[in-house]
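For reference, the chains in residue letters:
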Amino acid sequence: MKAIILAAGHGSRLLPLTLTTPKCLVQVGGRAILDHQLDAVAAAGFEGALIVGGYRIDQIEAHLAARDGGLPTELVFNPFWSIANSIGSVWASRAYLDAPFALMNGDTVFDPAILRTAMTGGSDGTTLLVEPLADAGLDDMLVEADGDRVIAVGKHLVGHEATDRSLGLIVSHGGAAYADALRAVIGEENGIHAYHHAVVARVAQTAGVRAVRIPANVQWQEIDRPEDIALWERDHRP
């Protein structure tokens with residue numbers, strides 16, 4: 001299993017922190033977001049990680065070269081990072097999508113137990129990590145699930161009732177379903193402007209996607225704004 005970390009974007013809502021620094025290298029609790037993720041990936045026993053960079057990718061390359069640790073990493077460039085949505089970064093990693101992978105957004109910090117939960121979601125097909133919905137935020141990627149079956153995914157679920165929110169963590173145990181859906185979605189009109197969850201929504205309509213809910217006692221935080229950093233640090237003091 002290889003981790004694929006989507007870390008190409010600018011992170012304009014984190015300005016001025018991202019004025020000269022890629023979002024994945026912003027410090028949270030004294031460590032870069034990327035280091036939080038790579039340490040969790042290593043602890044979960046992954047064989048390596050692929051990082052998709054774009055904005056100030058030279059800094060990401062230097063950061064990876066300076067890291068101590070045995071987790072093999074590879075960096076690929078998304079040349080469309082400034083004009084496409086997150087699906088462009090998935091497209092940049094398409095050569096790796098037929099083998100087992102765990103794909104995650106590069107702006108999320110989480111307890112390592114979440115990755116272990118992701119790996120218990122079954123031995124085949126595609127899995128989406130979700131959390132039961134309490135109050136929906138403006139940035140939440142919403143999910144309608146019937147038990148452990150994903151029905152719909154999107155920022156706005158018109159005609160559907162949201163039951164959960166997505167962590168942005170997708171696991172594929174191999175096969176062509178996810179890669180085929182990616183090609184279909186990005187090939188549509190305005191496909192490059194789709195969120196990568198549109199690929200999950202397409203797989204849900206075809207091969208099917210399993211919803212796996214994280215335990216109630218684990219934490220995760222999407223780092224979109226400076227106040228998100230403060231929330232994580234408040235609950236994770238050294």
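What this report covers is the structure whose coordinates are included nearby. Since this is a predicted model, take the numbers as computed values, not measurements. (Residues numbered from 1 in each chain as written. Predicted model: local features only at pLDDT ≥ 70, side-chain atom pairs only at ≥ 80, totals over all residues. Heavy atoms only, no water.)

1. Structural notes on the pairing of strand β6 (residues 101-105)
Note the following rule: Burial classes: relative accessible area under 20% of the type maximum marks a residue as buried, over 50% as exposed, and values in between as partly exposed (1.4 Å probe, protein chains only). For the purposes of this entry, the term helix denotes a DSSP run of H or I that reaches at least four residues, the term strand denotes a run of E that reaches at least two, and both are numbered from the N terminus. We call two strands paired when DSSP finds no fewer than two bridges between them.
Counted residue by residue, β6 has 5 buried out of 5 residues, so it is predominantly covered. Burial along β6 is two-sided: the face carrying Phe101, Leu103 and Asn105 and the face carrying Ala102 and Met104 are both buried. In this sheet, β6 lies alongside strand β1 (residues 2-7) in parallel orientation, the contact comprising 5 bridges. Each bridged residue has a counterpart across the sheet, and for isoleucine 5 the counterpart in β6 is methionine 104. The pairing of β6 with strand β11 (residues 164-172) spans 3 bridges and is classified as antiparallel. In the sheet register, leucine 103 faces β11, and the bridge partner there is isoleucine 170.

2. A short note on the packing of aromatic side chains
Test applied: Working definition: a ring pair exists when centres of Phe, Tyr or Trp rings (six-membered ring for Trp) sit within 6.5 Å. Plane angles under 30 degrees give stacked, over 60 give edge-to-face, the rest tilted. Consider the ring centre and the ring normal. A charge sits over the ring if Lys NZ or Arg CZ is within 6 Å of that centre and within 35 degrees of that normal.
Taken as a whole, this structure holds 2 aromatic pairs when the rule is applied. Between tyrosine 55 and tryptophan 81, the ring centres sit 5.6 Å apart and the planes meet at 55 degrees, which makes this aromatic pair tilted. Placement of tyrosine 55 in the loop between β4 (48-53) and α2 (57-66) and of tryptophan 81 in the loop between β5 (73-77) and α3 (87-92) is noted, with a sequence separation of 26 residues between them. Among the residues examined, tyrosine 55 registers a relative accessible area of 9% and is labelled buried. Their ring planes at 70 degrees and their centres at 5.2 Å tell us that phenylalanine 101 and tyrosine 178 sit as a pair that is edge-to-face. Of this pair, phenylalanine 101 sits in strand β6 while tyrosine 178 is found in helix α5 (residues 177-186), placing the two residues 77 residues apart along the sequence. The cationic tip of lysine 155 hangs over the ring face of tyrosine 195; the distance from NZ or CZ to the ring centre is 5.2 Å.

3. A word on the pairing of strand β8 (residues 126-132)
Among the 7 residues of β8, 6 are classified as buried, and the element is accordingly described as predominantly covered. Bridging between β8 and β11 involves 6 bridges; their strand directions are antiparallel. Considered in β11, the bridge of leucine 128 is made with isoleucine 170. Alignment of β8 against strand β12 (residues 209-213), held across 5 bridges, turns out to be parallel.

4. A look at the nonpolar core
Definition in use: Side-chain atoms within 4.5 Å are what join buried Ala, Val, Leu, Ile, Met, Phe, Trp, Tyr and Cys residues into a set we call a nonpolar core. Should any heavy atoms of two residues lie within 4.5 Å, those residues are considered in contact.
If you look at the biggest cluster of nonpolar residues, it comprises 32 residues, and the most contacted ones within it are Ile4, Leu97, Leu103, Leu128, Val150, Val153 and Tyr178. In terms of residue count, α5 provides more of this core than any other element does, 6 residues in total. With sequence-adjacent residues up to four places away left out, leucine 97 is seen in contact with Ile4, Val90, Gly175, Tyr178, Ala179 and Leu182. Of all hydrophobic cores here, the second largest spans 30 residues; its members include Leu25, Phe110, Leu167 and Val218.

5. Looking at the pattern of salt bridges
Note the cut-off: For salt bridges, the criterion is a side-chain nitrogen of Lys or Arg within 4 Å of an Asp or Glu carboxyl oxygen.
Tallying each qualifying case throughout the model produces 12 salt bridges. With a shortest N-O distance of 2.9 Å, aspartate 107 and lysine 23 are connected by a salt bridge. In this pair, aspartate 107 is assigned in the loop between β6 and β7 (108-110) and lysine 23 in the loop between β1 and β2 (27-28), connecting sequence segments 84 residues apart. Here the two residues aspartate 107 and lysine 23 agree in accessibility, since each one is buried. A salt bridge links glutamate 188 to arginine 202; the shortest N-O distance between them is 2.3 Å. Note that glutamate 188 is positioned in the loop between α5 and α6 (197-205) and arginine 202 in helix α6, a separation of 14 residues in sequence. One connected set of salt bridges, linked through shared partners, spans Arg13, Lys23, Asp107 and Asp224.

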